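Reading the structure
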Amino acid sequence: MADVPRDLLQEIKRLEDLFTVDKAKLKKITDHFVSELAKGLSKEGGSIPMNPTWCMSFPTGFETGRFLALDMGGTNLRVCEITLTDEKSEFEILQSKYRMPEELKSGDADELWEYVADCVQQFIETHKLTDEMDTLHLGFTFSYPATQNYINHGILQRWTKGFDIKGVEGEDVVPMFEAAIAKRGVPIHLTALVNDTTGTLIASAYTDTRMKIGCIFGTGCNAAYMEDCGSIPKLAHMNLPPETPMAINCEWGAFDNEGKILPKTPYDVIVDQDSPRPGQQAFEKMIAGLYLGEIFRLVLVDLHDNKNVHIFEGQNIDKLRKAYTLDSSFLSMIEEDPWENLSETKDLFQTKLLLSATHPELELIRRLAELIGTRAARLASCGVAAICKKKGYETCHVGADGSVFNKYPHFKQRGADALREILDWPEKKNPKDEDPIEILAAEDGSGVGAALIAALTLERVKAGNGAGVMAPETFKK
Ligand code: BGC
């Protein structure tokens, strides 16, 4: 950084102070996280919803049958037919993806359900699925916080990930979906409404019995794990046997909504204030893919507008001023630029933002991307460590999915380093040695995970255990 002028150097230092979360802070956050997890399970509740999901067992690997899976994530809509075969932990998948039109995300409920039902109908007709099966059992991955008194029901607590569709919050999404499907005469039975994290947990455990936690680090961020019913005071009235497992969708994106512990920067405050749901998803807004590019953009605009700092001087930054113009893949590309002179980053700024960046400016840009990406990975590890501490897991596997986990450079390594710091593991003797707790790429949670949860529910109902299932008598096959 020899050629970086003093004003930019000072700013780099300031940004490092703002965005670095040291070991001591990680530990403090984790400890607070552990108590907040327990609070969410208590009768009084806390800011982390800790939603019981009524998914009440891990798969054995011997589940069989054909299922439909629908995934309404943040960016795409995916419909799959999943066949769980007789071979242990084997499945076949047929799938189609549909883009979620941007305007739908702030439209109204009817438009949403009509669109979703159209995609499902199109899939079923294209693949002639109704000729093969009477009723199609569906696992619907609905990746938003939902209160589930039953597995085949879910009241949307609030939209997250920038969604703002009117008339859905506070409502059960299942009847809305079913009404749109019924209009089309498609013979579907919604068997399980599933969060993507629960799907990830179950899909991962299908092929690896050491998997204890399912995480998503994508557009949003969240985790699910198996709790014992005896440790869920808010379900005490159900009188479930204390050792019975219950998957909990933590909805940990809401961790520290009350602003007690997370080291928020002024840029995080703006991201929150300008979002459709200020005060919500505090943890998610510092980690998830939807927000990383926006934090980065806000810092650069702030620096440009600061008279004492000279960055993009005399240039028109209109493009950079547009909110959410940069997504996390933009940061990924900066972090991946292999050249000493950061020529790829220079081209990126030129083509995407019509800005010409000097070499010192590029140095600052690269450091900023690293800081934001590193902070995200380190904070994410606090959540994983907290669940492990709560459950007393000293060794286990954690299944993770999502664009940030799979594509953001160094996210995995940075997360693993942070876990080591939080949990005080000694240095590895051999770089190939496994860590006691490993965060690994998961199986497809919203496809095979949702199908497995539908299969487990069906089996449970057949065996006469309809706990947490609405109208089990309507379950046909
Ligand atoms: C949602 C969660 C979801 C996560 C990852 C969050 O915004 O609230 O339900 O699991 O995103 O998709």
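Summary of the structure given here. Keep in mind the model is a prediction, meaning the values are calculated, not measured. (Residues numbered from 1 in each chain as written. Predicted model: local features only at pLDDT ≥ 70, side-chain atom pairs only at ≥ 80, totals over all residues. Heavy atoms only, no water.)

**Observations concerning the site of the ligand**
Residues in contact with the ligand amount to 15 residues; listed here are only the nearest, T160, K161, N195, D196 and E251. A distance of 3.3 Å is found between an oxygen atom of the ligand and a backbone nitrogen or oxygen belonging to Y144. Note that an oxygen atom of the ligand is positioned 2.7 Å from one of the side-chain N or O atoms of T160. Look at the ligand: alone it shows 300 Å² of surface, and the protein chains cover 98% of it. The residue inventory of the shell around the ligand, partitioned by class, reads four nonpolar, seven polar and four charged. (Near = heavy atom within 4 Å. Polar contact = N/O pair within 3.5 Å; in protein donor to acceptor, adjacent residues only side chain to side chain. Areas by Shrake-Rupley, 256 points an atom, 1.4 Å probe, with all protein chains shown as cover. Nonpolar A, V, L, I, M, F, W, Y, C, P; charged D, E, K, R; others polar.)

**Concerning the packing of helix α10 (residues 328-336) against helix α11 (residues 343-353)**
Following both chains from N to C, one finds α10 and α11 inclined at 150°, their axes separated by 9 Å at the closest point. Judged by the inter-axis angle, α10 sits roughly antiparallel to α11. Contact residues: F330, M333 and I334 in α10; T345, L348, F349, K352 and L353 in α11. Looking at the contact of α10 with α11 residue by residue, the classes come out as six nonpolar, one polar and one charged. (Axes fitted to C-alpha atoms, helices over the stretch in contact; angles between N-to-C directions. Helix = DSSP H or I, 4+ residues; strand = E, 2+ residues; numbered from the N terminus. Parallel < 35°, antiparallel > 145°, perpendicular 65-115°, else oblique. Contact = heavy atoms within 4.5 Å.)

**Some words on the packing of aromatic side chains**
Throughout the structure, instances matching the rule amount to 22 aromatic pairs. On the basis of an interplanar angle of 80° and a centroid distance of 5.2 Å, the ring pair of F33 and F283 is categorised as edge-to-face. Taken as a pair, F33 in helix α2 (residues 23-41) and F283 in the loop between α6 (266-273) and α7 (284-287) lie far apart in primary sequence, 250 residues in all. Grouping residues by exposure puts F33 and F283 together as buried. Ring geometry for F140 against F142: centres 5.9 Å apart, planes inclined by 70°, an arrangement best described as edge-to-face. The buried category is assigned to F140, whose relative accessible area is 0%. Residue F142 is classed as buried on the basis of its relative accessible area of 2%. (Phe/Tyr/Trp six-rings, centres within 6.5 Å; stacked < 30°, edge-to-face > 60°. Buried < 20%, exposed > 50% of the residue type's maximum accessible area, 1.4 Å probe, protein only.)

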